[in-house]
Amino acid sequence: MASHSDTLVVFFGATAGANGGKLGSDEREIILLVWQIVDLHEKKVGKLHRCLVKPDTLELTDQSKEETGLSLDEIIKAEPLDKVLQQFQQSVSSEVKCLGRSSYTLCVNSPLIIRQAVHPEASKKNLVLPESFFSFVDLRKEFHKCCPNAGPVQRLTLASMLECILLLLCAKPVMHIFLSFIVSDHKFSCVETIKYKFDSGTCSKTEPVDSETVIRARGLPWQSSDQDIARFFKGLNIAKGGVALCLNAQGRRNGEALVRFINSEHRDLALERHKHHMGSRYIEVYKATGEEFLKIAGGTSNEVAQFLSKENQVIIRMRGLPFTATPQEVLAFLGPESPVTDGAEGLLFVKYPDGRPTGDAFVLFSCEEYAQNALKKHKQILGKRYIELFRSTAAEVQQVLNRYMSTPLISTLPPSPIMPVPVLATPPFLPASSSTRDCVRLRGLPYTAGIEDILEFMGEHTVDIKPHGVHMVLNQQGRPSGDAFIQMKSPDKAFMVAQKCHKKTMKDRYVEVFQCSTEEMSIVLMGGTLNRSGLSPPPCLSPPTAYAPFPTPPAILSEAALYQPPLLAAPRPPQTTAHSPAHTLAYYPPQPHLYMNMNMNYTAYYPSPPVSPSTVGYFPHHPAGASSVLPQPGALVRMQGLPFNTGVKDILSFFQGYQVRANFHLLSWTNDQHKKTFHGL
């Protein structure tokens, strides 16, 4: 389409909802299209065409009825949008041909009808628009260029422009020159274009990004790609590589994306699409900053830049690959029906900084057909693992590489809002919170595994375990969860254990070993997750109401304060000792990331030393005068969820290896709910 044509098609439209400056903001369909040809060379106008359009939703707002003068009965009899667009194309082409011309340019008094109405609706209905709808001139901008004193472009209307022309015509004959420029010279310099498709690309972290051009879209379907997002914003021009899908701590999409437009005008129009729909989901649109965009989409890796240097490629992400997978095995898995661009060079394996594979890879395909064939292999088996395949973006490639090549994500996690609840644990067993990665997590232990099994599993690395550094994790029912945390003497020792013992076998089960810090250990104990893909914080849950008797948050509680009636009918009076003169029970003071919530996956763990419980006592002796959180003669522990037929021997067996004082109560209920019976030893 020539940018300077001697034939204009003046174009106007209205929707079933808001019109004027808010046209298209309420996602209502088009109900009226009007056009007329203007021959600038002969200074003539053609026939005025006015066509009604039948929307899918037969409903008109009062504002639309008032502004258009149309009724629902008239709209019902009209043709749908695709038929009207065909009629427009045939009518305009015929008239232009009669004038002996080969091209024309759309002229509108506002870009809203094109950008916010025609293109979005055609995209949703899968309609192919004529080429003429991808370029147009805005009469207001042309007028403002000639008459800059007429006011801001956004406030110009046909009436105000006409009034300005008449005033200037009476006061200044020079206005004739302006009219001659518009009608005769017709050199429109403000031709606007609409991109046919979104251009993917890379973004450097050093590239300046104007915050007035960035938005955040929230509520996206998890499987949506950058092309789907570009389609949602159809009619607006997104910058090259300007769609960045956001990922959560596990590297999965979280339903948000940052979108960068070519200028602030398009960004402002994008904000008007707040709560418009993508399929059955409504999408929230908010302002964002250039810094946020660069944090997600920016990258510095030369490997990624080289991988993404091939333009117009479809990117597919593969997840769950065997760690031993080779490029040849991946190519064979995809098959000849989905050839990878440049063979092995079209594969990018994601690795940790030390070179270990993560199980993720990105693949380039030269066309949509090859990519579709590859997606058909979603959840098919490679080796002994099923492989997940998803559409991806250049920004996601950058984000995933940045995530795996960076340091642990602990520092970027927001403070946990969970209210602390006192934990029955002592400082020698509950290490201080630290980001030093001197711990390892064992996951997948046999439920029958004990301390000796773990020591045997670790073999020669047992000597590098800190005293009292083995911590077994129980689930909500008080049973082994299959997890354990071990404190090593240094981060190097923890790294070596994770490397040497990962996926070793214990009692016919392979055990996963991850290096971590005490901070990460605490978050997992609160209900978060930790694996080789990263760390995810626990869900933000409030303490259960059943624990309302706890003060918030006491450093030391008396036994009577903890077990208030009716939990214990007659609590024993506190006993004073040399270590704790005023309290029977003391609690480990709340620290960041050290909480217990009964609704979490993991509750408080019981500590165990890295030696045989038959040879070394579990509770160390404190020197005289030292502060102890485990005062003599012992600590009171409440057991909840016991089987109804539990007896004294069962409890003693449960605590085998621990120093248990022969002083405890079994609480039983009679038929009368108000009576309780206590049995003690």
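This structure is a prediction, so every number in the text was calculated from the model and none was measured.

Participant: Kindly report on the overall build of the protein, identifying the contributing residues and their values.
Facilitator: Looking only at helices and strands, the protein has 19 helices and 29 strands in total. Residue burial in the protein is summarised as follows: out of 681 residues, 46% are buried. Considering only contacts in the protein between residues 6 or more positions apart, those separated by 24 or more positions represent 72%. Of the accessible surface of the protein, which amounts to about 34,600 Å², a share of 55% is contributed by carbon and sulfur atoms.

Participant: For the pairing of strand β15 (residues 314–319), give the residues involved together with the corresponding values.
Facilitator: Regular strands have side chains that alternate between both faces of the sheet. Of all six residues in β15, six are buried, a share of seventy percent or more. Here β15 shows a buried face lined by Val 314, Ile 316 and Met 318 and a second buried face lined by Ile 315, Arg 317 and Arg 319. Two strands pair when backbone bridges link them, and β15 and strand β17 (residues 357–365) are joined in this way by six bridges, in the antiparallel orientation. Bridge pairing links Val 314 to Phe 365 in β17. The sheet contact formed by β15 and strand β19 (residues 385–391) spans four bridges and is antiparallel. What sits directly across from Arg 317, in β19, is Phe 390.

Participant: Residue-level account of a nonpolar patch on the surface, with values.
Facilitator: The grouping of Leu 58, Leu 72 and Ile 76 at the surface amounts to a nonpolar patch, some 210 Å² of accessible area in total. Within the fold, Ile 76 resides in helix α2 (residues 72–76). Of the residues examined, Ile 76 reaches a relative accessible area of 38% and is grouped as partly exposed.

Participant: Can you tell me about the pairing of strand β1 (residues 7–15), naming the residues and giving the values?
Facilitator: Counting buried positions along β1 gives seven out of nine residues, so the element sits mostly inside the fold. Sheet topology places β1 next to strand β2 (residues 30–39); nine bridges connect them, and they run antiparallel. Following the sheet pairing, Phe 12 is matched in β2 by Val 34. Relative to strand β5 (residues 105–108), β1 runs parallel, the two sharing three bridges. Bridge pairing links Val 9 to Leu 106 in β5.

Participant: Hey, could you go over the side chain of Arg 260 for me, with residue numbers and the actual values?
Facilitator: When you line up the elements, Arg 260 lands in strand β11 (residues 253–261). Accessibility expressed as a relative area gives 14% for Arg 260, which makes it buried. Side-chain polar atoms of Arg 260 contact the side chain of Glu 207, separated by 3.0 Å. Once residues lying within four places of it in the same chain are set aside, the contact partners of Arg 260 are Cys 203, Glu 207, Pro 208, Val 209, Thr 213, Val 214, Ile 238, Ala 239, Gly 242 and Phe 293.

Participant: Tell me about the nonpolar core, residues and numbers included.
Facilitator: Judged by nonpolar contacts, the single largest core of 49 residues is most densely connected at Phe 11, Leu 33, Phe 88, Ile 114, Phe 133 and Phe 233. Two domains share this core, each providing at least three of its residues, namely domain 1 (7–193) and domain 2 (203–299). Not counting residues up to four positions away in its chain, the partners in contact with Phe 88 are Val 9, Phe 11, Trp 35, Tyr 104, Leu 106, Ser 132 and Phe 133. Membership of the second largest hydrophobic core comes to 22 residues, among which are Leu 445, Met 472, Ile 486 and Cys 501.

Participant: Residue-level account of helix α15 (residues 451–458), with values.
Facilitator: Every α-helical turn comprises 3.6 residues, leaving residues that sit three or four positions apart pointing alike. All of the buried residues in α15 are Ile 451, Ile 454, Leu 455, Phe 457 and Met 458. The arc that holds every buried residue of α15, seen down its axis, measures 160°, which confines them to one face. In the stretch just after α15, Gly 459 is the one whose phi turns positive, near 60°.

Participant: Please give an account of the state of the cysteines that cites residues and values.
Facilitator: Here is the idea: a disulfide is a covalent bond, and it sits between the sulfur atoms of two cysteines. Applying the stated criterion across every chain yields a total of zero disulfides. In this structure Cys 516 is not part of a disulfide, and its nearest cysteine sulfur, from Cys 439, lies 5.2 Å away.

Participant: Give a description of the environment of Arg 140 that names residues and reports values.
Facilitator: Residue position: Arg 140 is located in helix α5 (residues 139–146). The sequence separation of Arg 140 and Leu 156 amounts to 16 residues, and the corresponding C-alpha distance is 6.3 Å. Here the side chain of Arg 140 touches Asn 109 through a polar contact of 3.1 Å, landing on its backbone oxygen.

Participant: Can you tell me about the sheet that holds strand β10 (residues 238–247), naming the residues and giving the values?
Facilitator: Spatially, β10-β11-β9-β13-β12 is the arrangement adopted by the five strands of the open sheet, whose pairing is antiparallel. In the strand order of this sheet, the two ends are held by β10 and β12 (276–278), each with one partner. Sheet twist, expressed as the mean angle between neighbouring strand axes with direction ignored, is 35°. Pairing between β12 and strand β13 (residues 281–287): three bridges, direction antiparallel. The partner of Met 278 across the bridge, within β13, is Arg 281. Docked against the sheet, helix α10 (residues 290–297) engages β9 (214–218), β10 and β11, running at close to 70° with respect to β10.

Participant: Can you break down unusual backbone geometry residue by residue, with the values?
Facilitator: The phi angle at Lys 275 is positive, at roughly 70°, despite the residue not being glycine. Among the structural elements, Lys 275 can be located in the loop between α9 (264–271) and β12. Even without glycine at this site, Lys 503 takes up a positive phi of about 70°. Note on placement: Lys 503 falls in the loop between α16 (491–501) and β23 (504–506).

Participant: Before we move on, can you summarise the side chain of Asp 464 with the specific residues and values?
Facilitator: Structurally, Asp 464 is set in the loop between α15 and β21 (465–474). Judged by relative accessible area, which is 15%, Asp 464 ranks as buried. Contact partners of Asp 464, with chain neighbours within four places excluded, come to Gln 487, Met 488, Lys 489 and Lys 493.

Participant: Which residues make up the sheet that holds β15, and what values go with them?
Facilitator: One open sheet accounts for five strands, arranged β16-β17-β15-β19-β18; its pairing is antiparallel. Strand pairing shows two members of the sheet lacking a second neighbour, β16 (347–351) and β18 (380–382), which therefore form its edges. Pairwise comparison of adjacent strand axes, ignoring direction, gives a mean angle of 35° for this sheet. As defined by bridge partners, β18 adjoins β19 across three bridges and the pair is classed as antiparallel. Note that in β19 the partner of Ile 381 across the bridge is Tyr 386. In the packing of helix α12 (residues 327–334) onto the sheet, the strands contacted are β15, β16, β17, β18 and β19, and the crossing angle to β16 comes to about 125°. Contacts from helix α13 (residues 368–375) reach β15, β17 and β19 within the one sheet, and its direction differs from that of β19 by about 150°.

Participant: I'd like a description of the pattern of salt bridges, backed by residues and values.
Facilitator: According to the stated counting rule, one finds 29 salt bridges in the structure shown. Its salt-bridge partner being Glu 192, residue Lys 141 comes within 2.8 Å of it at the nearest N-O pair. Of this pair, Lys 141 sits in helix α5 while Glu 192 sits in strand β7 (residues 191–193), and the two are 51 residues apart along the sequence. Overall, Lys 141 belongs to the partly exposed group, its relative accessible area being 22%.

Cut-offs used in this document
Residues numbered from 1 in each chain as written. Predicted model: local features only at pLDDT ≥ 70, side-chain atom pairs only at ≥ 80, totals over all residues. Heavy atoms only, no water. Helix = DSSP H or I, 4+ residues; strand = E, 2+ residues; numbered from the N terminus. Buried < 20%, exposed > 50% of the residue type's maximum accessible area, 1.4 Å probe, protein only. Contact = heavy atoms within 4.5 Å. Areas by Shrake-Rupley, 256 points an atom, 1.4 Å probe, with all protein chains shown as cover. Pairing = 2+ DSSP bridges. Patch = residues over 30% accessible without salt bridge, like charges linked within 9 Å, V, L, I, M, F, W, Y side chains within 5 Å. Salt bridge = Lys/Arg side-chain N within 4 Å of Asp/Glu carboxyl O. Polar contact = N/O pair within 3.5 Å; in protein donor to acceptor, adjacent residues only side chain to side chain. Core = buried A, V, L, I, M, F, W, Y, C linked by side-chain atoms within 4.5 Å. Domains from an automatic or database assignment. Arc of directions from axis to C-beta. Disulfide = S-S within 2.5 Å. Axes fitted to C-alpha atoms, helices over the stretch in contact; angles between N-to-C directions.

Honestly, it's all geometry; don't read function into it.
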